[in-house]
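Summary of structural features
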Amino acid sequence: MSLRRGITFALGSVTLASAAQLGMRWSMSRLPQPDQWLTALRDGSVDLTAVGVVLAAIFAYALSMLSWLLALRDVPLGRAYSLLSISYALVYLLAASLPAFNEHFSLAKSLGVALVILGVITINSRPARVSVLRNDP
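The rules behind each value
Residues numbered from 1 in each chain as written. Predicted model: local features only at pLDDT ≥ 70, side-chain atom pairs only at ≥ 80, totals over all residues. Heavy atoms only, no water. Patch = residues over 30% accessible without salt bridge, like charges linked within 9 Å, V, L, I, M, F, W, Y side chains within 5 Å. Areas by Shrake-Rupley, 256 points an atom, 1.4 Å probe, with all protein chains shown as cover. Salt bridge = Lys/Arg side-chain N within 4 Å of Asp/Glu carboxyl O. Helix = DSSP H or I, 4+ residues; strand = E, 2+ residues; numbered from the N terminus. Buried < 20%, exposed > 50% of the residue type's maximum accessible area, 1.4 Å probe, protein only. UniProt positions renumbered as here; feature names shortened; annotations may be inferred. Phe/Tyr/Trp six-rings, centres within 6.5 Å; stacked < 30°, edge-to-face > 60°. Axes fitted to C-alpha atoms, helices over the stretch in contact; angles between N-to-C directions. Parallel < 35°, antiparallel > 145°, perpendicular 65-115°, else oblique. Left-handed = near helix turned anticlockwise from the far one by under 90°. Nonpolar A, V, L, I, M, F, W, Y, C, P; charged D, E, K, R; others polar. Polar contact = N/O pair within 3.5 Å; in protein donor to acceptor, adjacent residues only side chain to side chain. Contact = heavy atoms within 4.5 Å.

The grouping of Met 65, Leu 69, Leu 72, Leu 77 and Tyr 81 at the surface amounts to a nonpolar patch, some 530 Å² of accessible area in total. Listed by contribution, the elements that provide at least two residues to the nonpolar patch are helix H3 (48-72) and helix H4 (77-83). Per-element accounting of the nonpolar patch gives the leading share, 3 residues, to H3. Following the sequence through the fold, Met 65 ends up in helix H3. The exposure class of Met 65 is partly exposed, given its relative accessible area of 47%.

What follows is about the UniProt feature "transmembrane region" (unreviewed entry) in the chain. Feature annotation in UniProt assigns "transmembrane region" (unreviewed entry) to the following positions: residues 48-71, 83-101 and 107-124. Along residues 83-101 one finds 68% helix and 0% strand; the C-alpha atoms at either end are 24 Å apart. What you have in residues 107-124 is 94% helix and 0% strand, and the ends, taken at the C-alpha atoms, are 26 Å apart.

Counted according to the given criterion, the structure contains 2 salt bridges. Taking the shortest distance from any N to any O, the salt bridge between Arg 5 and Asp 74 comes out at 2.7 Å. Here Arg 5 is found in helix H1 (residues 3-28), whereas its partner Asp 74 is found in the loop between H3 and H4, with 69 residues between them in sequence. A relative accessible area of 3% places Asp 74 in the buried class. In this structure, the salt-bridge partner of Arg 25 is Glu 103, at a minimum N-O distance of 4.0 Å. Here Arg 25, found in helix H1, pairs with Glu 103, found in the loop between helix H5 (86-97) and helix H6 (107-123); they are 78 residues apart in sequence, far enough to count as distant. Given the relative accessible area of 39%, Arg 25 is considered partly exposed.

Let's shift gears to the packing of aromatic side chains. In total, this model carries 1 aromatic pair according to the counting rule given. Summarising the aromatic geometry, the rings of Tyr 92 and Phe 105 are spaced 5.7 Å apart at their centres and angled 90 degrees between planes, so their arrangement reads as edge-to-face. Of this pair, Tyr 92 sits in helix H5 while Phe 105 sits in the loop between H5 and H6, and the two are 13 residues apart along the sequence. Its relative accessible area of 13% is what places Tyr 92 among the buried residues. Take Phe 105: its relative accessible area is 47%, and that puts it in the partly exposed class.

Contact pair H1 / H3: the axes reach a minimum separation of 8 Å and the direction vectors enclose 160 degrees. Considered as vectors, H1 and H3 are oriented roughly antiparallel to each other. The interaxial crossing formed by H1 with H3 has left-handed handedness. The class makeup of the residues in the contact of H1 with H3 is 19 nonpolar, 9 polar and no charged.

The next subject is the side chain of Ser 64. Topologically, Ser 64 is positioned in helix H3. A distance of 2.9 Å separates the side chain of Ser 64 from the backbone oxygen of Ser 13, its partner in a polar contact. Other than its neighbours up to four places away in sequence, Ser 64 contacts Ser 13, Leu 16 and Ala 17.

Written as structure tokens, this is what we have:
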């Protein structure tokens with residue numbers, strides 16, 4: 001069991017899930033409302049790039065879950081689960097920084113993100129004790 005490998009997989013899961021969330025948001029702002037899909041398909045006005053990004057985001061979510069499962073083999077659950085919170089901060093920072101998302105920074109949101117990051121640092125500041133699971137017959 002390797003804690004470093006597990007944390008790498010956990011951070012990979014966070015990165016993939018964050019990218020998927022941003023991809024979904026970008027796509028859904030360019031696709032028609034669900035009740036307008038049939039009309040849009042008939043008119044040929046569906047943005048195929050947005051559909052492609054939705055499909056890529058779904059694939060990224062699947063890879064994120066696989067990476068998360070691999071992380072759980074090596075990282076204690078309490079520590080690993082706290083790392084998922086980084087995704088909230090990452091999505092907020094990217095959505096507010098990139099003009100494509102039309103999000104804005106605010107003092108309250110930024111303070112909340114800072115508290116989340118502080119919590120992750122606090123939880124992960126002590127060396128982890130990796131317990132070895134035995135396979136009992």
